[in-house]
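A look at the structure
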Amino acid sequence: MTDGVVLAAGLAFALVLAVGLGICFFVLKRSLRLQLFAIAAAFDDVLVTPCTAAGATFRALRRIGRARQIIFRRTGPVYSLAASPGCLRLFRGRDSQLVAEFEGADVVDVRVGTTSFGLADYTTLFFGISAGSTTYELPIRVMGPRPTPMYAASTDWAIHRAAAIMSVLNG
Amino acid sequence: MAGGTVVAIHAPDTVLIVLIWVMLGAFGLMLAALAVWGLVIWREVHLGYTTLEGQFRHLQQLDPRTGEVIRTAGSPYPSKNRRSRID
């Protein structure tokens, strides 16, 4: 194999990879927008925050579900956190299917931190969810201020958003 | 003279093979250490406590040396945590 062929194969591979990632990104972005529209259409006075999936979220939902003896659905790669007076919900999919629902009284507190995936850190809201006889921590990787997949929110923005969510929850 | 040349050609191969085995061994040790670490965490969680900082809020946190309760189950993490909390 000549150097030219190797170079061409490498470039072709990089091009296919870039196009594939671009398509994935576009599909996720469109899905998230439709999800936000569907939630806004279905609920009044709702504060919607776009989120991205994390293994820690799945494990936390599984723990909380075990304590409450219910099974939560998976969030999917992108999902939304909707806070309305007295209720915190997670939605997935273009038609905003309900993943989980928590009463405002069960949301004890929230703190802002990070969760990691490989070398990347994601700004994360850690909600304290009361279930059974204890409080579980539910990590939610937030994106913002624009609803764009893989665009992690800044810590300052996340602190303000966390305060806003608690304010909406407490009416 | 020819014998010396043969040694000069084969020596790098031997070094390379030894290096590969050392790397594989180190990788295996690292995997084993990770597995043991995971097993220790699983055992703690299974017994209903944790010694890890800032994890498993729903479990009580014990001091890894003395076994004293640092944090009760469900309560927020100690103030050492750099993250802000909004109640």
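Residues numbered from 1 in each chain as written. Chains lettered and ligands numbered in written order. Predicted model: local features only at pLDDT ≥ 70, side-chain atom pairs only at ≥ 80, totals over all residues. Heavy atoms only, no water.

1. Points about the overall build of chain A
Helix and strand counts for chain A come out as 3 helices and 7 strands. When the helices and strands of chain A are placed in sequence order, the string is α-β-α-β-β-β-β-β-β-α. The dimensions of chain A, computed from C-alpha atoms along their principal axes, are 70 × 35 × 30 Å. When contacts within chain A are restricted to residue pairs at least 6 apart in sequence, those whose partners lie at least 24 apart make up 60%. For chain A, the accessible surface area stands at approximately 9000 Å², while carbon and sulfur atoms represent 61% of it. (Helix = DSSP H or I, 4+ residues; strand = E, 2+ residues; numbered from the N terminus. Contact = heavy atoms within 4.5 Å. Areas by Shrake-Rupley, 256 points an atom, 1.4 Å probe, with all protein chains shown as cover.)

2. Let's talk about the confidence of the model for chain B
For chain B, mean pLDDT is 84; residues scoring 70 or higher make up 77% of the total. Predicted complex metrics record ipTM = 0.74 and pTM = 0.80. (pLDDT = per-residue confidence, 0-100.)

3. Section: the packing of aromatic side chains
Residues and elements named next belong to chain A. Summed over all chains, the structure comprises 2 aromatic pairs over all chains. On the basis of an interplanar angle of 45° and a centroid distance of 5.6 Å, the ring pair of F43 and F91 is categorised as tilted. Within this pair, whereas F43 is found in the loop between helix 1 (3-42) and strand 1 (47-52), its partner F91 is found in strand 3 (residues 87-92), the two being separated by 48 residues in sequence. A relative accessible area of 4% places F91 in the buried class. One cation-aromatic arrangement involves R74 over F58; the distance from NZ or CZ to the ring centre is 4.0 Å. Seen from the ring of F126, R111 lies directly overhead, with NZ or CZ sitting 4.2 Å from the centre. (Phe/Tyr/Trp six-rings, centres within 6.5 Å; stacked < 30°, edge-to-face > 60°. Buried < 20%, exposed > 50% of the residue type's maximum accessible area, 1.4 Å probe, protein only. Lys NZ or Arg CZ within 6 Å of the ring centre and 35° of its normal.)

4. What to know about the pairing of strand 4 (residues 97-103) of chain A
Residue and element names in this part refer to chain A. Sheet analysis places strand 3 next to strand 4, joined by 6 bridges and oriented antiparallel. Bridge pairing in strand 4 links R92 to Q97. The loop that links strand 3 with its antiparallel partner strand 4 comprises 4 residues; one of these, G93, has a positive phi angle of about 75°. (Pairing = 2+ DSSP bridges.)

5. Observations concerning unusual backbone geometry
Residues and elements named next belong to chain A. Residues G144 and P145 are joined by a peptide bond in cis, for which omega reads 0°. One can find P145 in the loop between strand 7 (134-142) and helix 3 (155-169). We note that D45 has phi near 50°; this positive angle belongs to a residue other than glycine. Of note, D45 is situated in the loop between helix 1 and strand 1. Residue D45 is classed as exposed on the basis of its relative accessible area of 64%. Unusually for a residue other than glycine, Q69 sits at a positive phi of about 60°.

6. Quick word on a nonpolar patch on the surface
Residue and element names in this part refer to chain A. Where nonpolar side chains cluster on the molecular surface, the patch consists of L15, V19, I23, F26 and V27 and spans about 500 Å² of accessible area. Within the secondary structure layout, V27 lies in helix 1. Residue V27 is classed as partly exposed on the basis of its relative accessible area, which comes to 41%. (Patch = residues over 30% accessible without salt bridge, like charges linked within 9 Å, V, L, I, M, F, W, Y side chains within 5 Å. Salt bridge = Lys/Arg side-chain N within 4 Å of Asp/Glu carboxyl O.)

7. So, the pattern of salt bridges
Summed over all chains, the structure comprises 4 salt bridges over all chains. One salt bridge connects R57(B) with D109(A), and the closest N-O pair in it is separated by 3.0 Å. Taken together, the residues span two chains, with R57(B) in the loop between strand 1 (49-50) and strand 2 (60-62) and D109(A) in strand 5 (residues 107-117). Judged by its relative accessible area of 3%, R57(B) falls in the buried class. Using a relative accessible area of 2% as the deciding quantity, one classes D109(A) as buried.

8. A look at the sheet that holds strand 3 (residues 69-71) of chain B
Residue and element names in this part refer to chain B. Sheet architecture is open: 3 strands sit in the order 1-2-3, paired in mixed fashion. Each end of this open sheet is capped by a strand with a single partner; those strands are strand 1 and strand 3. With 2 bridges joining them, strand 2 and strand 3 adopt antiparallel strand pairing. Within strand 3, the position partnered with Q61 by the bridge is R71.

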